[in-house]
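# Results of the structural survey
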Amino acid sequence: MSGLVAPEVTRLEPAALSALAEVLKVTCPQATLVLGPEIESKLLTDFIGADVGCADLYLKVGTAAEVSAALKAAYVRKIPVTVRGAGTNLVGSTIPRGGLVLDVSGLNRVLELDPDNRTILVEPGVKLCDLQALVESKGLFYPPDPAEKQATIGGNIATNAGGMRAVKYGVTRDFVLALEVVLPDGTVLELGSPCLKDATGLNLKHLFIGSEGSLGVITKCLLRLIAKPEATAHALIGFASLAQGISAVNTLYAANLAPTAIEFVEKKVIALGEQFIQADFPLPEYQAYLIVTFDGKADELSAKLAACQDALQAQYEVGFLPLTEPEVASRVWTIRAALAKAVQASGIWEPVDTVVPLKSIATLIDDIAQLSAQEEVRILAFGHAGDGNVHLCILKDDIPEAQWPKRLERVLSQLYARVYQLHGKIAAEHGVGRHKRQYFLEQVSPAELKLMRLIKNSIDPYHMFNRSSGYAE
């Protein structure tokens with residue numbers, strides 16, 4: 001398929017559905033099997049829930065052997081497979097178009113924690129929050145820190161999730177040493193190794209990191225850990241405008257302070273979070289904020305906060321609040337963490353997850369403001385200023401239902417075109433999924449797309465997996 005239209009829905013004939021169900025009952029007797037009309041809608045969508053797909057079967061498995069058996073049965077029948085974990089994704093990666101929904105959230109065991117090698121072996125259904133709590137209780141640290149702590153490790157790997165701490169530590173990809181994956185035909189592969197250095201052959205594990213379930217199913221994850229930082233310090237910094245706050249990021253880098261994270265958010269977005277959790281955000285007189293984080297040895301952090309304040313106040317009129325009071329710090333982070341849920345509660349919206357080079361953040365923010373005024377659409381901005389990841393929320397508000405799809409498509413087409421002009425990408429950490437497929441195909445080079453499809457065709461010749469992915473034909 002060369003156009004922009006996603007693949008059509010594929011539904012099984014009653015006889016084929018019955019036959020597959022019987023095979024799965026025999027080969028996966030401990031798994032949970034649900035047929036078509038009885039599948040709950042929440043298992044056919046993503047976090048946003050506005051777009052609900054359809055499926056012929058839902059299978060929740062608990063072992064890698066069940067994954068392999070289920071895929072073998074689907075492969076010989078050329079049945080589409082959509083893999084899901086916690087379903088917290090924001091781009092429609094878990095929205096099926098018929099066929100089998102394979103739920104791996106039941107593979108949720110911690111298999112081995114090795115403090116000597118500083119690794120942890122887990123199944124894909126382990127939640128990020130549980131993993132972080134476990135390793136930190138042992139004095140270790142797993143740096144990737146996406147905002148959605150209920151997301152699964154398998155989902156984080158499938159989207160190459162980032163989070164706030166990517167500024168200092170990198171993204172999920174940088175902490176995956178090895179994977180066990182099951183290919184579409186049921187073949188089980190072990191990719192990577194426990195070694196910190198590995199230049200033996202093509203690094204195939206990286207094909208699956210960020211592949212959004214389009215090449216196979218992750219069933220084991222060997223993750224790299226580091227020593228837990230001794231202490232962490234945060235500061236909330238208020239600015240007269242978002243543009244001023246974004247430009248201040250370069251000031252922080254020039255001061256050579258090595259921040260762990262730099263978050264930015266507009267006051268109008270904070271207002272939604274305040275209303276959602278019924279709490280007040282500090283420094284209310286400012287229009288935009290940076291939340292800066294440092295970690296390291298406790299005796300160094302006060303000096304870093306002071307140097308940060310001096311560097312910024314030398315150039316800007318800012319409010320600087322070290323988050324040393326536990327109650328105030330908790331309130332700031334609770335409101336920040338609730339922003340996506342707050343926006344969702346405000347009505348219909350579209351999440352955007354763009355990334356541009358650091359020098360282009362301010363330019364993109366200006367362009368977004370112009371686009372918002374031009375198209376008369378409210379666009380809220382927040383995200384990871386330290387790594388160029390600009391998160392946006394495009395809100396429908398009072399735009400008539402009949403006008404909204406075309407208006408949104410027009411806004412997104414212009415926005416993503418501008419992102420590419422700035423040498424950025426349309427997905428920093430959420431993936432492409434179903435919702436961004438059209439815009440990905442509008443911007444990706446033909447040569448790059450051809451190579452992606454060659455890889456896809458060699459691993460998944462029937463295009464069973466994630467048929468809505470950007471490079472599915």
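First things first, this report covers the structure right here in the doc. Here the structure is a predicted model, which means the values were calculated and not measured. (Residues numbered from 1 in each chain as written. Predicted model: local features only at pLDDT ≥ 70, side-chain atom pairs only at ≥ 80, totals over all residues. Heavy atoms only, no water.)

## Quick look at the overall build of the protein chain
Counting its secondary structure elements, the protein chain contains 15 helices and 18 strands. With respect to the three principal axes, the spread of C-alpha positions in the protein chain is 70 × 60 × 45 Å. Put simply, 72% of the contacts in the protein chain that link residues at least 6 apart link residues at least 24 apart. Put simply, the protein chain shows about 19900 Å² of open surface, and 53% of that area lies on carbon and sulfur atoms. Averaging the coordinates of the 44 positive side-chain charges in the protein chain and doing the same for the 53 negative ones gives two points 4 Å apart. (Helix = DSSP H or I, 4+ residues; strand = E, 2+ residues; numbered from the N terminus. Contact = heavy atoms within 4.5 Å. Areas by Shrake-Rupley, 256 points an atom, 1.4 Å probe, with all protein chains shown as cover. Lys, Arg positive; Asp, Glu negative; His and termini not counted. Charge placed at Lys NZ, Arg CZ, Asp CG, Glu CD.)

## Topic: the environment of alanine 342
Relative to the helices and strands, alanine 342 resides in helix α11 (residues 339-345). It is 17 Å that separates the C-alpha atoms of alanine 342 and serine 330, two residues lying 12 residues apart in sequence. Residues within four places of alanine 342 in sequence aside, it is in contact with Leu272, Gly273 and Phe276.

## Remarks on unusual backbone geometry
Backbone geometry at asparagine 160 places phi at a positive 50°, although glycine is not the residue there. Tracing the chain through its elements places asparagine 160 in the loop between α4 (153-159) and α5 (166-169). For asparagine 160, a relative accessible area of 14% puts it in the buried group. Phi at glutamate 212 is positive, roughly 55°, even though this residue is not glycine. If you trace the backbone, glutamate 212 turns up in the loop between α6 (205-208) and β10 (217-224). (Buried < 20%, exposed > 50% of the residue type's maximum accessible area, 1.4 Å probe, protein only.)

## Comments concerning the packing of aromatic side chains
Applying the stated criterion across every chain yields a total of 6 aromatic pairs. A centroid spacing of 5.8 Å and a plane angle of 70° characterise the contact between phenylalanine 141 and tyrosine 169, whose relative ring orientation is edge-to-face. Of this pair, phenylalanine 141 sits in strand β7 (residues 140-141) while tyrosine 169 sits in helix α5, and the two are 28 residues apart along the sequence. With centroids separated by 5.0 Å and ring planes inclined at 70°, the aromatic side chains of phenylalanine 281 and tyrosine 289 adopt a geometry described as edge-to-face. Overall, phenylalanine 281 belongs to the buried group, its relative accessible area being 4%. Look at tyrosine 289 and you get buried, because its relative accessible area is 2%. (Phe/Tyr/Trp six-rings, centres within 6.5 Å; stacked < 30°, edge-to-face > 60°.)

## Here's the deal with the sheet that holds strand β12 (residues 231-239)
Within the open sheet, the 7 strands sit side by side as β15-β12-β14-β13-β17-β18-β16. Their pairing is antiparallel. Among the strands making up the open sheet, the edge pair consists of β15 (319-322) and β16 (349-355). Across the sheet, the mean angle from the axis of one strand to that of its neighbour is 20°, orientation sign disregarded. Judged from the 7 bridges that link them, β16 and strand β18 (residues 389-395) form a sheet pairing that is antiparallel. Paired with valine 355 across the two strands is asparagine 389, which belongs to β18. Relative to β18, helix α12 (residues 361-375) is tilted by about 10°, and along the sheet it contacts β13 (261-266), β16, β17 (378-384) and β18. (Pairing = 2+ DSSP bridges. Axes fitted to C-alpha atoms, helices over the stretch in contact; angles between N-to-C directions.)

## Notes on the sheet that holds strand β5 (residues 110-114)
Within the open sheet, the 5 strands sit side by side as β5-β6-β10-β8-β9. Their pairing is antiparallel. Of all the strands in the sheet, the pair left with one neighbour each is β5 and β9 (188-192). Sheet twist, expressed as the mean angle between neighbouring strand axes with direction ignored, is 10°. Pairing of strand β8 (residues 176-182) with β10 involves 6 bridges; the strand directions are antiparallel. Directly across from valine 182, in β10, lies its bridge partner valine 217. With respect to the sheet, helix α3 (residues 128-137) is in contact with β5, β6 (119-122) and β10, its orientation differing from that of β6 by roughly 145°.

## Some thoughts on the pattern of salt bridges
In the structure shown here, the tally under the stated rule is 18 salt bridges. We note a salt bridge from arginine 434 to aspartate 51, for which the minimum N-O separation is 3.5 Å. With arginine 434 in the loop between α13 (404-421) and α14 (437-443) and aspartate 51 in the loop between β1 (32-35) and β2 (57-60), this residue pair connects regions lying 383 residues apart in the sequence. Measuring nitrogen to oxygen at the nearest pair gives 3.5 Å for the salt bridge that ties glutamate 148 to lysine 341. Of this pair, glutamate 148 sits in the loop between β7 and α4 while lysine 341 sits in helix α11, placing them 193 residues apart in sequence. A residue is classified by how much of its surface remains accessible, and lysine 341, at 36% relative accessible area, is partly exposed. A network of salt bridges, in which partner residues are shared, links Asp145, Lys149 and Arg165. (Salt bridge = Lys/Arg side-chain N within 4 Å of Asp/Glu carboxyl O.)

## Re the nonpolar core
Judged by nonpolar contacts, the single largest core of 55 residues is most densely connected at Ile237, Phe264, Leu290, Ile394 and Leu415. In terms of residue count, α13 provides more of this core than any other element does, 8 residues in total. What isoleucine 394 contacts, discounting residues up to four positions off in sequence, is Ile348, Trp349, Glu350, Val352, Val377, Arg378, Ile379, Trp404, Leu408, Val411 and Leu412. Residues Ala279, Phe281, Ile291 and Leu395 belong to the second largest nonpolar core, which totals 29 residues. (Core = buried A, V, L, I, M, F, W, Y, C linked by side-chain atoms within 4.5 Å.)

## A short note on helix α1 (residues 14-27)
Each full turn of the α-helix corresponds to 3.6 residues, which orients residues three or four apart in the same direction. The terminal C-alpha atoms of α1 lie 20 Å apart, and with 14 residues this matches the ideal 20 Å at 1.5 Å per residue to within 8%. Taken together, the buried residues of α1 touch β1, β2, α2 (64-76) and β4 (100-103). (Expected span 1.5 Å × (residues − 1).)

## Looking at empty space enclosed by the protein
Taken as a whole and assessed by the stated rule, the structure comprises 2 cavities of 30 Å³ or more. Space inside the second largest cavity adds up to approximately 90 Å³. Together, 12 residues line the second largest cavity, and Thr82, Pro96, Arg97, Asn466 and Arg467 are the ones closest to its centre. Residues of the lining of the second largest cavity, tallied by class, amount to 5 nonpolar, 5 polar and 2 charged. (1 Å grid on protein atoms, 1.4 Å probe; cavity = no way out; pocket = protein on both sides within 12 Å on 5 of 7 lines; lining within 4 Å. Points joined across faces, edges and corners; volume = space filled by probe spheres on them. Nonpolar A, V, L, I, M, F, W, Y, C, P; charged D, E, K, R; others polar.)

## Overview of the pairing of β12
Burial of β12 is extensive: 8 of the 9 residues sit out of reach of the surface. Taken together, the 9 bridges between β12 and strand β14 (residues 288-296) define a ladder with antiparallel strand orientation. Looking across to β14, one finds that leucine 236 is bridged to isoleucine 291. Sheet topology note: the β12/β15 ladder contains 4 bridges and is antiparallel. Considered in β15, the bridge of leucine 236 is made with leucine 321.

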